[in-house]
Amino acid sequence: MLICGAGSIARELLRQLGEDWDITLIDKSEERLELASALNQEVREILTEDASSPVVLEKAGIGSMQYVLALTGDHKVNKAVADFAHSAGAQHICVLVNDPEDARALREKGVHAVLAGKLVAGNIYHYLQDPRMRVMPLNGGPANVMEVNASEHMLVIGKRAAYFHRRKSRLVGIFRKDRLLFPRPDTVIRSGDRLVILGDTRVFQDVCTLLECDNPHFPLAYGPGMLVAAPAVGGDATHPVLNEALHLAQNLQIKNVTVLGADPESLSTEHLQSWPQNLATEIRPLGEELEEGVRAACREGNFGLVLIPPLEGGMLKALARPAYVTLARELERPLLVARGSVPYERVLVPFSGTAMSELALEIAVDAAAQLGASLSAVVVEQPDFLTGDEEGAWRDKAVARLNELRHIHKAEIEILERRGNPVREILAAAEDFDLLVLGSTNRDRGLLTPNIGERLAGGASCSVLLAAF
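Everything in this summary refers to the structure shown in the same document. Please read all numbers here as calculations on a predicted model, not as lab measurements.

1. Some thoughts on helix H15 (residues 393-408)
Over its 16 residues, H15 extends 22 Å from the first C-alpha to the last, a length consistent with the 22 Å expected when each residue adds 1.5 Å. Taken together, the buried positions of H15 are occupied by Ala398, Val399, Leu402, Asn403, Glu404, Leu405, His407 and Ile408.

Structure, rendered in structure tokens:
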């Protein structure tokens, strides 16, 4: 992050910012720079220069910055910094201005322009915390208006507007398909809605609490239970799928487990005692058809995760449609193909910038945090003659989105860039990982279309967690 101007607003912002930043400061005053840099240990570099100089901005590496903030006392200088940052390709730009016309023009370029006010530092702080949310202070009193998108997999989806009616905040509006709705208490929140919430100055923290921003959602967002299909394997008392299920039960937020295919006598006492004592466990017969047994159990129970062993080759060849992807779509919940690669210490996510690859990344971030695993994302660029993308624009866009998402999720994500056939490159990369997390859908035509997702799920050497909706 580059901050131009080390005045009172910048200093207040530096007090609020935590770790995980790499900050460069520019100001003409050495005294202001010393005061500001002392407030945050993440300040790596200071430049006693004029921020309006393109030479100085290039020296500071403005084009490689994720965030550029122009907070000098001269709003003309701020506007010039914004224009130069935009032309240099900076990812996120935030400036302080005092002219509404300048603010409007900058916003049309995608710049976050803030009109001067007493709560400006708080506004920027909220923007840096999560660019998806907008918090605007009201000049008439100690209150804020907050806008946030209700994404498809938030726990708030399907809840009524009364869910947001708290002592110090209210849901006052919903933008739905370019229409403004004034919600009644029984109005149901849908995926894609943009929620407008009015509350006191703590509305940001209150809404994050309601959305459970800091709580693990996987697999609870899909259901409280885990379904494990463990057909008999040569009389083995501890089926390999059960060992994998045990690892998940010990680390994920799971309330109950249902096992298909093993009766009580087939599980050793030692194995049962190793399961969490507060976990309700039920054992049912599977029957002859694994897939039909899993479908039937999911129709009856509320499961957030389903574990199955790898499907047999004959079964895969006999089906006219992709077996893994089709099953995951029919179940409408994540499907884990267990290949015994526990413990999950390294997690890999193929990322293409599609909605489903973003969902897979979100699941992987949540799961990796609970499992204590490292997380990597692989971006595979296909040859130019196949895509027509001579300048690598698709790859650059995907990597830029990854950088934004890892900041939003406050997660350490290693980015791996590959070039070639997506299936071959992803499978090769997955050999060094314990869990591969995929997003796939029949509606997508990007990197993880159903046939590619199926080939990855069937060909990976490690266990595969597949989300296909």
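Alright, that's what it looks like, and here's the rest.
2. Concerning the sheet that holds strand E4 (residues 67-70)
If you walk across this open sheet you meet the six strands as E3-E2-E1-E4-E5-E6, and the pairing is parallel. The open sheet is flanked by strand E3 (43-48) and strand E6 (112-115), the only strands paired with a single partner. Direction aside, the axes of adjacent strands within the sheet are offset by 15° on average. Relative to strand E2 (residues 23-27), strand E1 (residues 2-4) is paired through three bridges, and the arrangement is parallel. Paired with Cys4 across the bridge in E2 is Ile26.

3. A word on the packing of helix H10 (residues 290-300) against helix H12 (residues 323-331)
How two helices pack is summed up by the angle between their axes together with the distance between the axes. Two elements in contact, H10 and H12, have axes separated by 10 Å at closest approach and are oriented at 15°. Relative to H12, the element H10 lies roughly parallel. In this structure, H10 crosses over H12, and the sense of that crossing is right-handed. Facing Glu291, Val294, Arg295 and Cys298 of H10, the residues of H12 in contact are Ala323, Leu327, Glu330 and Leu331. Looking at the contact of H10 with H12 residue by residue, the classes come out as five nonpolar, no polar and three charged.

4. Comments concerning the nonpolar core
In terms of nonpolar packing, the biggest core is built from 51 residues, with Met226, Val228, Leu248, Leu305, Leu307, Leu336 and Val437 touching the most fellow members. Take this core: its biggest share by element is 10 residues, from helix H13 (residues 355-371). When sequence neighbours within four positions are dropped, the list of residues in contact with Met226 reads Ala245, Leu248, Ala249, Ile254, Asn256, Val257, Thr258, Phe303, Leu305 and Leu307. Grouped together as the second largest cluster of nonpolar side chains are 40 residues, Cys298, Val306, Leu348 and Leu427 included.

5. Re the packing of aromatic side chains
Any aromatic ring pair is given by two values, namely how distant the centres are and how the planes are angled relative to each other. One pass over the full model with this rule turns up one aromatic pair. Aromatic side chains Trp21 and Tyr67 sit 5.8 Å apart centroid to centroid with 70° between the ring planes, which places their arrangement in the edge-to-face category. One end of the pair, Trp21, is in the loop between helix H1 (8-16) and E2; the other, Tyr67, is in strand E4, with 46 residues separating them in the sequence. By relative accessible area, Trp21 is classed as buried at 10%. Owing to a relative accessible area of 2%, Tyr67 belongs among the buried residues under this scheme. Above the plane of the ring of Phe433 lies Arg346, whose end atom (NZ or CZ) is 4.2 Å from the centre.

6. Details of unusual backbone geometry
Most peptide bonds take the trans form, and the phi angle of most residues other than glycine is negative. Of note, the bond from Val342 into Pro343 is cis; its omega dihedral lies within 30 degrees of zero at 0°. Tracing the backbone shows Pro343 in the loop between strand E16 (335-337) and strand E17 (346-350). Even without being a glycine, Glu332 presents a positive backbone phi close to 60°.

7. Thoughts on the pairing of E4
Because side chains alternate across E4, one face comprises the buried residues Tyr67 and Leu69, and the other comprises Val68 and Ala70, equally buried. In this view, the connection linking E4 to its parallel neighbour strand E5 (residues 92-97) by way of helix H4 (residues 75-88) has right-handed handedness.

8. Overview of the pattern of salt bridges
Applying the stated criterion to the full structure yields 23 salt bridges. Across the pair Glu147 and Arg194 runs a salt bridge whose closest N-O atoms are separated by 2.9 Å. In this pair, Glu147 sits in strand E8 (residues 143-149) while Arg194 sits in strand E11 (residues 194-200), placing the two residues 47 residues apart along the sequence. According to the relative accessible area criterion, Glu147 is partly exposed, its value standing at 28%. Among the residues examined, Arg194 registers a relative accessible area of 18% and is labelled buried. Here the salt bridges share partners, and the residues they tie into one network are Glu291, Glu292, Arg295, Arg299 and Glu330.

9. Description of the side chain of Arg11
Positionally, Arg11 belongs in helix H1. Those residues within four positions of Arg11 in sequence are excluded, and the remaining contacts are Ala6, Arg32, Leu35, Ala36 and Leu39.

10. Let's talk about helix H8 (residues 240-251)
With 12 residues, H8 should reach 16 Å at 1.5 Å per residue; the first-to-last C-alpha distance of 17 Å fits that figure. The set of residues buried in H8 consists of Val241, Leu242, Glu244, Ala245, Leu246, His247, Leu248 and Ala249.

Cut-offs and rules
- Note that residues are indexed from 1 along each chain, following the sequence as it is written.
- Thresholds applied to this predicted model are a pLDDT of at least 70 for local features of residues and 80 or more for the giving and counting of side-chain atom pairs; totals over whole chains, interfaces and linings are not thresholded and use all residues.
- Water and hydrogen atoms were dropped before computing side-chain values, which therefore reflect all heavy atoms in the structure.
- Elements are defined by DSSP. Helices are runs of H or I of four residues or more, strands are runs of E of two residues or more, and each kind is numbered from the N terminus.
- The length a helix should cover is 1.5 Å for every residue beyond the first.
- For the exposure calls, accessible area comes from a 1.4 Å probe over protein chains only, and a residue counts as buried if that area is under 20% of its type's maximum, exposed if over 50%, partly exposed in between.
- Note on pairing: DSSP must find at least two bridges between two strands before they are called paired.
- All axes here are fitted lines through C-alpha atoms, helices being fitted over the stretch that makes contact, and every angle between N-to-C directions spans 0 to 180 degrees.
- For classification purposes, an angle smaller than 35 degrees is called roughly parallel, one larger than 145 roughly antiparallel, one from 65 to 115 roughly perpendicular, and anything else oblique.
- If you view the pair so one helix is near and one far, a crossing is left-handed when the near helix is turned anticlockwise from the far one by less than a right angle, and right-handed when it is turned clockwise.
- We call two residues in contact whenever any of their non-hydrogen atoms come within 4.5 Å of each other.
- Only Asp, Glu, Lys and Arg are considered charged in this grouping, and only Ala, Val, Leu, Ile, Met, Phe, Trp, Tyr, Cys and Pro are considered nonpolar; every other residue, Gly among them, is considered polar.
- Buried residues of nine kinds, namely Ala, Val, Leu, Ile, Met, Phe, Trp, Tyr and Cys, make up a nonpolar core once their side-chain atoms join them within 4.5 Å.
- Under the pairing criterion, centres of Phe, Tyr and Trp rings, with the six-membered ring standing for Trp, must be within 6.5 Å; the plane angle then separates stacked pairs below 30 degrees from edge-to-face pairs above 60, leaving the rest tilted.
- Here, a charge over a ring is recorded when the distance from Lys NZ or Arg CZ to the ring centre is within 6 Å and its angle to the ring normal is within 35 degrees.
- When the strands point away from the viewer and the path from the first strand over the helix to the second turns clockwise, the crossover is right-handed.
- Within this document, salt bridges are pairs made up of a side-chain nitrogen of Lys or Arg and a carboxyl oxygen of Asp or Glu, the two lying within 4 Å of each other.

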